[in-house]
Amino acid sequence: MPKIILNEDILKTMNPTKRKAFENFGAVGIDASITGGDKSSNAKAFFPLIKDFVRNKCNIFIFPEGRLAVRKDLDLHG
C-alpha cells in the first residue's frame, strides 16, 4: 500500500469526509513548518512508515507543497 507524505496543514483544512478519504488512500500528514516543526509528532508519524517500508510492505511518496517558497534566499539546487 502506498503512503503519501504531505504537509498536515493540507489534511487539517479539509472537511472530515475528504480528509478520511485521503487518509484511507495513504495520506500521512507531517508538520512541515519552516520554523522546525513538531519533531516528536513527526517521528510518531514516520516510524510506522519506515518499519513498513523496510519490510517491503509499502512505498513512500513525498509531495513537497512549496512551503519553502517563502524563503527565496535558499539555494534549492545545492
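Located above this text is the structure these notes cover.
As the structure is a computational prediction, the values presented were derived from the model and not from experiment. (Residues numbered from 1 in each chain as written. Predicted model: local features only at pLDDT ≥ 70, side-chain atom pairs only at ≥ 80, totals over all residues. Heavy atoms only, no water.)

### Thoughts on the overall build of the chain
Next up, step 1: In terms of helices and strands, the chain carries 3 helices and 3 strands.
Next up, step 2: Of the regular secondary structure in the chain, the N- to C-terminal order runs β-α-α-β-α-β.
Next up, step 3: Put simply, the chain has 78 residues, and 19% of those count as buried.
Next up, step 4: Within the chain, counting contacts between residues at least 6 apart in sequence, those at least 24 apart form 51% of the total. (Helix = DSSP H or I, 4+ residues; strand = E, 2+ residues; numbered from the N terminus. Buried < 20%, exposed > 50% of the residue type's maximum accessible area, 1.4 Å probe, protein only. Contact = heavy atoms within 4.5 Å.)

### Structural notes on the pattern of salt bridges
Next up, step 1: Taken as a whole, this structure holds 2 salt bridges when the rule is applied.
Next up, step 2: In this structure, Glu8 and Lys12 form a salt bridge, with 3.4 Å as the shortest nitrogen-oxygen distance. In this pair, Glu8 and Lys12 both sit in helix H1 (residues 8-12), 4 residues apart, roughly one turn of the helix.
Next up, step 3: Its relative accessible area of 18% is what places Glu8 among the buried residues.
Next up, step 4: Assessed through its relative accessible area of 53%, Lys12 is described here as exposed. (Salt bridge = Lys/Arg side-chain N within 4 Å of Asp/Glu carboxyl O.)

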